[in-house]
Amino acid sequence: MKAFMHKYRYAGLTIAVFLIGYYFSLPTTLFQNSYSTIIEDRNNKLLGATIAPDGQWRFPEGRTVPEKFKTAIVLFEDKRFYNHPGVDIRALARAMRQNLTSGKIISGGSTLTMQVIRLSRKNKSRTFYEKIIEVLLATRLEFRASKEEILQLYSAHAPFGGNVVGIEAACWRYFGREAAELSWAEAALLAVLPNNPALIHPGKNRQQLKIKRDRLLERLMTAGAFDSLTYELSLSEPIPDNPMPLPRLVPHLLDRVIKEGYKGKRVVTSIDKSLQERINAVVQYHHTNLSGNRIFNAAALVVDVKTGNTLAYVGNTAAGAEHNEAVDIVMARRSTGSILKPILFAALLDEGKILQATLQPDVPTLINGFAPQNFTKAYDGAVPANQALIRSLNVPAVHQLRDYRYEKFYELLRHTGITTLTQPADHYGLSMILGGAEASLWEITGVYASMARTLNNFFEVPGSNRYNKNDFHSPTYIQRDSSAHGTREASSWLSAAAIYQTFDVLQEVYRPGEQTGWRMFSSSKKIAWKTGTSHGLRDGWAIGVNGRYAVGVWVGNADGEGRPGLTGTESASPILFDIFGQLSGDQWFSVPHNELHEVDVCSRSGMRATELCESKVKQLVTTNGLQSGTCKYHQRVHLSLDRKFRVHTDCESLTRLLTEPWFVLPPVQAYYYKTKNISYKELPPMRSDCVNPATVTTMDVIYPRSNARIFIPRQLDGTPGSALFEAAHRQPGVVIYWHLDGNFLASTRGTHRVAVTANAGKHQLTLVDDAGNIVEQVFSVVSEN
């Protein structure tokens, strides 16, 4: 009895050990393979793929097996698949009988489940011992996975010839489309391939492969999978030729997802495949034209305003390796040119430092050695802020940034989404607004999209807390919903009113001096848009936004080479408008009336009107704009009765003077302003008996003297030489602005000396000081420079 119990316990222990071993016999992850990186659009359409590190086209697991292939493979490989526990005893017995009869292995009798196990074990040699292992592991797999999951494993890892593994890769390599679109002939061909994948080699075994396919098609028709007409049509389908290339719609985004940790994974993006194809065509079309001017690279981005999802991502043109086509320009740091000016404009409106049309100085400027110039090298004297923005004038922008403080603007940029400012604010200084800082197309487009999102979301909730600072965020290429996390607040980095008024200015259709190709577009869609050009004509930017989309475009050369005509207006904006032409809808922004207030504004100064302003207009201003300064340019002026002279009560009786309002600009501004505005009336001169001689300021040209004839020799290397001109001023701290033949040369303070290069002939030297005093001197150059 004891011996029996001992044997019973021994047998029970043996069975327990076997069951435990059986339970843990299957690895948690069945396949330890490397995979291709797959990138898909928001509707799971393939955008691109890389080959796996082991040189195989092997897509990651997870896709549903197409019904036609499922039917074909089960009929061809394992017709009792849905009924057996992983092992088909009848098939094994048949295989054993065939092998014994032939004296060699001609059939393995493996089920699809057993084939999954064999594939996971890297196709080890076909021995009796290996077959036993496959049987055991196959039954274990049946306990762990459903039949559908087993079919998915098989379909993802079966060999389909050459370096093609898995049904998805095979469909794209042999038929150029996704598995769900397989025909019955294609499904049958793929079903017979894993049994003998060498049949697909180009130029070999074509007839043998067709015979096997057609035989399976006949069996499928007999089984009732389709009718005789489908059978006849399927027989006529050709066998595929050479493998096809996989789609490469977003190669730079594919490289990016790999760098950002998605290597070997399937990444479902927010890209819209149809739109991506159209935007690719737009950029490539313009690339063909631009390359004639040796401008080889361009990038474009389309972002959904509501979510920040990226709908189209063109990282570069197909310019060839010699022109750096592999560089992802969307993420590259480039000089921003003027593209940040609207952000500063909105910030100034938000704080009430300016109104939309407040006059801004546009005169030669020197600030701590920094001398900004407009693109045209000309000056308007004073220009409305909105016109300065749409004309992208540099000098007014620098004055605005100095007023706002560049340290504050630096922090604002960082809060709104610019992360590329790696140096302290002092490193960039005032040049920040003119391209002295670098940013990427990704982040700049994101800021414009965030501004639009903040404005749209202002209307989403009632009450005083309408803002969510998390509405300012970078774009994303991973699909996200429209909800922004975070609490609602009473304010954000920029107010809805300031953003609306900025976009209102930027949708102005009249752009003086710019190309006219955009004008036809402007009549069909309403967008706010801005261009930018970096120093040296190296970067051309164009950013546009409406209520639904933000579009960013960059044009240039990836190696930084500048080219004539490489400006945002001429090179980038045509692409911008063509892209908007591909976008559906025409949603503009609602007016945030809660934050806008109607006031009287001086029509000439653009400031809040006073009683001296002759012409006033009603204008909406931000809440802080209510506290902005009143017009400082309209003054009370006392005139003689004939209005020819200014007088005052010390030199004229009250009964003999007239008091009138007069629009008066600072002297230097007036000097340039009157050349562009013929209606500007300068102040009449002070009557001689009303002038205090002690207050007269004078300046004089020391060299060259009036009507002098000077010789300017060439340098030793043959380059044009220069002459040192000098002037003197009665007041030591005054700035003198030097002009030669109407063109600005330089400004000096303290020591007034300027090196001048001039060609042979007659010239006019003009000096203007801070007070508007002017000295003009004619001289002649007798040398040949």
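Analysis parameters
- Residues numbered from 1 in each chain as written.
- Predicted model: local features only at pLDDT ≥ 70, side-chain atom pairs only at ≥ 80, totals over all residues.
- Heavy atoms only, no water.
- Core = buried A, V, L, I, M, F, W, Y, C linked by side-chain atoms within 4.5 Å.
- Buried < 20%, exposed > 50% of the residue type's maximum accessible area, 1.4 Å probe, protein only.
- Helix = DSSP H or I, 4+ residues; strand = E, 2+ residues; numbered from the N terminus.
- Contact = heavy atoms within 4.5 Å.
- Disulfide = S-S within 2.5 Å.
- Pairing = 2+ DSSP bridges.
- Axes fitted to C-alpha atoms, helices over the stretch in contact; angles between N-to-C directions.
- Polar contact = N/O pair within 3.5 Å; in protein donor to acceptor, adjacent residues only side chain to side chain.
- 1 Å grid on protein atoms, 1.4 Å probe; cavity = no way out; pocket = protein on both sides within 12 Å on 5 of 7 lines; lining within 4 Å.
- Points joined across faces, edges and corners; volume = space filled by probe spheres on them.
- Parallel < 35°, antiparallel > 145°, perpendicular 65-115°, else oblique.
- Nonpolar A, V, L, I, M, F, W, Y, C, P; charged D, E, K, R; others polar.
- Patch = residues over 30% accessible without salt bridge, like charges linked within 9 Å, V, L, I, M, F, W, Y side chains within 5 Å.
- Areas by Shrake-Rupley, 256 points an atom, 1.4 Å probe, with all protein chains shown as cover.
- Salt bridge = Lys/Arg side-chain N within 4 Å of Asp/Glu carboxyl O.

*Asks:* Explain the nonpolar core to me, please; I cannot follow it from the model alone.
*Replies:* Nonpolar side chains tend toward joint burial in soluble globular proteins. In terms of nonpolar packing, the biggest core is built from 79 residues, with F409, M432, I433, M451 and F503 touching the most fellow members. If you tally residues by element for this core, the top one is helix α18 (residues 441–457), at nine residues. Those residues in contact with F409 that sit more than four places away from it in its chain are L340, I343, L344, L401, Y404, M432 and I433. If you look at the next biggest cluster of nonpolar residues, it comprises 61 residues, including F175, A185, L193 and Y231.

*Asks:* Just to check I follow, could you spell out the state of the cysteines for this structure?
*Replies:* In protein chemistry, a disulfide is the covalent bond that joins the sulfur atoms of two cysteines. Summed over the entire model, instances satisfying the criterion amount to one disulfide. The disulfide that involves C651 links it to C690, with 1.7 Å between the sulfurs. Sign of the S-S torsion, about 95 degrees for the bond between C651 and C690, identifies this disulfide as right-handed. Residue C651 is found in the loop between β17 (634–640) and β18 (657–663), and its partner C690 is found in the loop between α22 (667–676) and β19 (699–703); the two are separated by 39 residues along the sequence. Assigned by exposure class, C651 and C690 land together as buried.

*Asks:* Looking at this model, I keep getting lost on the sheet that holds strand β5 (residues 266–268). Mind explaining?
*Replies:* The sheet built from three strands is open, its strands ordered β2-β1-β5 with mixed pairing. Both edges of this open sheet fall to β2 (46–49) and β5, since each of them pairs with a single strand only. Neighbour to neighbour, the strand axes of the sheet diverge by 15 degrees on average, direction disregarded. The pairing of strand β1 (residues 38–40) with β2 spans three bridges and is antiparallel. Within β2, the residue paired with I39 across the bridge is G48. Where helix α11 (residues 251–262) meets the sheet, it contacts β1, β2 and β5, and its direction lies at approximately 115 degrees from that of β1.

*Asks:* What should I look at first to understand the pairing of strand β12 (residues 528–533) in this one?
*Replies:* Strand residues, when the strand is regular, have side chains that alternate between the two faces of the sheet. Counting buried positions along β12 yields five of six residues, so the element is predominantly enclosed. In this structure, β12 lies alongside strand β13 (residues 539–545), joined through six bridges in antiparallel fashion. Following the sheet pairing, T531 is matched in β13 by A542.

*Asks:* Please explain the side chain of D380 as it appears in this structure.
*Replies:* Of note, D380 is situated in the loop between β9 (359–362) and β10 (381–384). By relative accessible area, D380 is classed as buried at 9%. Side-chain polar atoms of D380 contact the side chain of R391, separated by 2.7 Å. Filtering out sequence-adjacent residues up to four positions away, D380 remains in contact with D362, R391, Y672, Y673 and K676.

*Asks:* Before we go on, may I ask you to explain empty space enclosed by the protein in this structure?
*Replies:* With a probe scaled to a water molecule rolled over the atoms, the places where space remains empty come into view. Scanning the entire structure with this criterion turns up three cavities of 30 Å³ or more. By volume, the largest cavity amounts to about 120 Å³. Together, 16 residues line the largest cavity, and R63, S155, A156, I167 and E168 are the ones closest to its centre. Secondary structure elements with two or more residues in the lining of the largest cavity: α6 (147–157) and α7 (167–175).

*Asks:* Before we go on, may I ask you to explain the packing of helix α2 (residues 67–77) against α6 in this structure?
*Replies:* Angle between the axes and distance between the axes: these two values describe a pair of packed helices. Put simply, α2 and α6 touch, their axes get as near as 12 Å, and they point 90 degrees apart. The pairing of α2 with α6 is recorded here as roughly perpendicular in orientation. Taking contact as the criterion, the partners of F69, K70, I73, V74 and E77 in α2 are, on α6, E148, L151, Y154 and S155. Taken together, the residues of the contact of α2 with α6 break down into five nonpolar, one polar and three charged.

*Asks:* Got a minute to help me understand the sheet that holds strand β23 (residues 743–749) in this structure?
*Replies:* In a beta sheet, neighbouring strands are held together by backbone hydrogen bonds and run either parallel or antiparallel to one another. Spatial ordering of the open sheet is given by β20-β26-β25-β22-β23, a layout of five strands whose pairing is mixed. Looking at which strands have only one partner, the edges of the open sheet turn out to be β20 (708–710) and β23. Put simply, the sheet's adjacent strands are angled 30 degrees from each other on average, direction ignored. The pairing of strand β22 (residues 735–740) with β23 spans six bridges and is antiparallel.

*Asks:* Mind showing me how you'd approach a nonpolar patch on the surface here?
*Replies:* A contiguous nonpolar surface patch, about 310 Å² in accessible area, is contributed by F128, I132 and L136. Of note, I132 is situated in helix α5 (residues 128–144). Judged by its relative accessible area of 38%, I132 is partly exposed.

By themselves, these are just geometric observations and shouldn't be taken as functional.
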